[in-house]
Every structure is written in structure tokens, then in C-alpha cells.
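Here is what each chain is made of, one letter per residue.
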Amino acid sequence: MKTSASTSNNNPSSSNTPPVPGTTSPTPPSPKPQAQPMADASATTTNTGAPSAYYRIDPLQGGNWPQWKRRVIAVLRERGLLDYVTGTGYVVRPKATDEDNPDDEEKKKLAEWDRKDGQARTQLELSIGDSEM
């Protein structure tokens, strides 16, 4: 029996023979990832990248105002949207010098403000329960 490193054990037909030290054997397939149990939804935030579900928190309903407020503030702060909701910082929609004909820079600022304001509104709307709307 040959035991040199030149012996190939990568041949599927020779799967009955144990691998020779110093040679490589076929890599077994990776096991499928196991689903992890989901934590309590009230303590879970998930950033999925989808506009309708950036973070999942328990919706605002009668008795959870303090917890909901804390989590929503954290999410908005993380996403850079808190100023659009709280009235602090730069939250006023910019105005073009000529409202009928904004220049390219003004158009860019207006579009960015509209986009972020819309994201903040969406985050709030999707975190309020139907009974509170």
C-alpha cells in the first residue's frame, strides 16, 4: 500500500480508503444554518433594509407609551432621523431662492430633505398600532 503524499484520495471512487496523512480529502458540505428562536418582540430590533420594516418594535398601544417612545427615539436616532421628528436641529424644509426654478444644489437639498422626512414618517407610522391611528 502506498502512503506517499502523491497518492490521491480525492477520487470519489476511492472513498472506501481512509485519507492519507498530508493529503486533502473532499470537504463535507456545510450544515444548513439552524433557525434561532426569536426573542421577545418588545426587545427586538431588526434592520432588514426593507423600507417598511427597518426596525420591528411593538406597536404603540394604550399601555406601552414609555417603552415605545424610548425604542422609537433610539431607532430614529440610529437612522439619523430624530431631528425630523423632535423639532431640533435642521428640520425645516429648505426653500429655494426662486421657488419656481430651484438650482441644482437646491433641488438636491430639497430631495434629500423630502427623502429623510418621508423615512421618519414611515418609521413612525409603521410603529403605531391600528387602535392608536
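Going by the structure above, here's the rest.
The structure contained in this document is the topic of the report that follows. (Residues numbered from 1 in each chain as written. Predicted model: local features only at pLDDT ≥ 70, side-chain atom pairs only at ≥ 80, totals over all residues. Heavy atoms only, no water.)

## Brief notes about the packing of aromatic side chains
Part 1 of the reasoning: Taken as a whole and judged by the stated rule, the model has two aromatic pairs.
Part 2 of the reasoning: Ring plane angle 55 degrees and centroid distance 5.7 Å describe the contact between Tyr 84 and Trp 113, whose orientation is recorded as tilted. Taken as a pair, Tyr 84 in helix H2 (residues 82–86) and Trp 113 in helix H3 (residues 104–125) lie far apart in primary sequence, 29 residues in all. For the pair Tyr 84 and Trp 113, a shared accessibility class is recorded, and that class is buried. (Phe/Tyr/Trp six-rings, centres within 6.5 Å; stacked < 30°, edge-to-face > 60°. Helix = DSSP H or I, 4+ residues; strand = E, 2+ residues; numbered from the N terminus. Buried < 20%, exposed > 50% of the residue type's maximum accessible area, 1.4 Å probe, protein only.)

## Concerning the pattern of salt bridges
Part 1 of the reasoning: If you walk through the whole model with that rule in mind, you get four salt bridges.
Part 2 of the reasoning: Two residues, Arg 93 and Asp 114, come together in a salt bridge whose shortest N-O distance is 2.7 Å. Placement of Arg 93 in the loop between H2 and H3 and of Asp 114 in helix H3 is noted, with a sequence separation of 21 residues between them.
Part 3 of the reasoning: Residue Asp 114 is classed as partly exposed on the basis of its relative accessible area of 35%. (Salt bridge = Lys/Arg side-chain N within 4 Å of Asp/Glu carboxyl O.)

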